[in-house]
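# Structure assessment
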Amino acid sequence: MNFIFLGPPGAGKGTLAGQVAGDYGIPHISTGDIFRENIKNKTPLGVKVKAVIDAGGLVSDEDTCALVQDRLSKDDCKKGFILDGFPRTIPQAEALEKICPDVQVVNFEVDNDLIIARLSNRRVCRNCGTNFNVKFRPTKVEGKCDNCGGDLYTRDDDKLEAITHRLEVYREQTEPLIGFYRKLNKITDIDSARDSSLVLVDFKKLFPSD
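A few points on the structure. Values in this document were obtained by computation on a predicted structure and should not be read as measured data.

### Here's the deal with the pattern of salt bridges
According to the stated counting rule, one finds 19 salt bridges in the structure shown. For Asp-63, the salt bridge identified is with Lys-48, shortest N-O distance 3.3 Å. On the criterion of sequence distance, the pair formed by Asp-63 in helix H4 (residues 61-72) and Lys-48 in helix H3 (residues 44-54) is long-range, its members being 15 residues apart. A residue is classified by how much of its surface remains accessible, and Asp-63, at 9% relative accessible area, is buried. Salt-bridge contacts for Asp-189 lead to Arg-182; the nearest nitrogen and oxygen are separated by 3.3 Å. Residue class for Asp-189 comes out partly exposed when judged on its relative accessible area of 32%. Its relative accessible area of 40% is what places Arg-182 among the partly exposed residues.

### A few points about the sheet that holds strand S3 (residues 81-84)
Backbone hydrogen bonds hold the strands of a sheet together, and the pairing may be parallel or antiparallel. Pairing in this open sheet of five strands is parallel, and the strands run S2-S3-S1-S4-S8 from one edge to the other. Looking along the sheet, the strands with just one partner apiece sit at the ends: strand S2 (28-30) and strand S8 (187-191). Neighbour to neighbour, the strand axes of the sheet diverge by 25 degrees on average, direction disregarded.

### Some remarks on the pairing of strand S5 (residues 122-125)
As paired strands, S5 and strand S6 (residues 131-133) are joined by three bridges and run antiparallel to one another. Bridge assignment links Val-124 to a residue of S6, and that residue is Asn-131. Taken together, S5 and the strand that follows it, S6, pair antiparallel across an intervening segment of five residues, in which Gly-129 is found at a positive phi of about 80 degrees. Where S5 meets strand S7 (residues 152-153), two bridges bridge the pair, whose relative direction is antiparallel. Each residue of the ladder has a partner; that of Val-124, found in S7, is Tyr-153.

### A short note on unusual backbone geometry
Look at the link from Phe-86 to Pro-87: it is a cis peptide, with omega at -5 degrees. In this fold, Pro-87 is placed in the loop between S3 and helix H5 (90-99). At Lys-42, a position not held by glycine, the phi torsion is positive, near 55 degrees. Tracing the backbone shows Lys-42 in the loop between helix H2 (31-41) and H3. You will see that Asn-185, though not glycine, has its phi angle at about 55 degrees, which is positive. Positionally, Asn-185 belongs in the loop between helix H8 (176-183) and S8.

### Describing the environment of Gly-7
Considering the arrangement of structural elements, one finds Gly-7 in the loop between strand S1 (2-6) and helix H1 (13-24). The buried category is assigned to Gly-7, whose relative accessible area is 8%. On a C-alpha basis, the gap between Gly-7 and Arg-171 in space is 9.6 Å, while along the polypeptide they are 164 residues apart. Not counting chain neighbours up to four residues away, the residues in contact with Gly-7 comprise Lys-13, Phe-108 and Tyr-170.

Conventions and cut-offs
- Residues numbered from 1 in each chain as written.
- Predicted model: local features only at pLDDT ≥ 70, side-chain atom pairs only at ≥ 80, totals over all residues.
- Heavy atoms only, no water.
- Salt bridge = Lys/Arg side-chain N within 4 Å of Asp/Glu carboxyl O.
- Helix = DSSP H or I, 4+ residues; strand = E, 2+ residues; numbered from the N terminus.
- Buried < 20%, exposed > 50% of the residue type's maximum accessible area, 1.4 Å probe, protein only.
- Pairing = 2+ DSSP bridges.
- Axes fitted to C-alpha atoms, helices over the stretch in contact; angles between N-to-C directions.
- Contact = heavy atoms within 4.5 Å.

If you want it as C-alpha cells, here you go:
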C-alpha cells in the first residue's frame, strides 16, 4: 500500500509513520531524508540541491519530484511506502499523480492549540535525537534523555514564533492539497488529537495490512 500523510507540523504524522512502517514493512520517506541522502552521496541532483540550499533558496518542484521519483524506484518500495512531507504543493501533487497514481492519502486533523502545545513543549536529545515532551511525555530526570542520558534542548523551529510561521506556511501552501485529493476521492480523515496508540488502531481498521 502506498500512503501520503498530510497534516500540519505537530499533527503526529512522523510518529504514526514510524509505527506503520514497522508494522506494515514499508519505508517511511521524508523529503528531508531524501535531500540529505543525495547530498551525502554527492549525486548529480544532490549536488544541485546543496547549491540551492546553501544559497538560501528553495528547491524547485521539478528537482524535488525527480528526487522522490528516484527514491520510489528503490526495491524497498515494492510493497509500498509512506510519503511524509511530500507533496507540499498542487504542482507536486499533480506530478506525483503521473509518477504513482495508486496512493491513499491520510489527512491528520488536529487544532492549532494542541499543535502549539505539542511543539512548544517538545524537547530533543542532543545525543541520540529522541523526542520527548514536557507536557505529554516527560523524562524521568528533567532535562535528561531517558534512553542515553543526553542533554535535551528545544529546536529553534519549536519556538512559538517559528511554530506560528510554520502553521501559516502550511495553511497557505499545503492545506489546498486536502481539496485536491478530496476531489480525486483519495483522502481519508483521521483524528490525530488523541494518543498515537489510538490513532494507530484506527489506521489499521481503515487500512488493514492483509
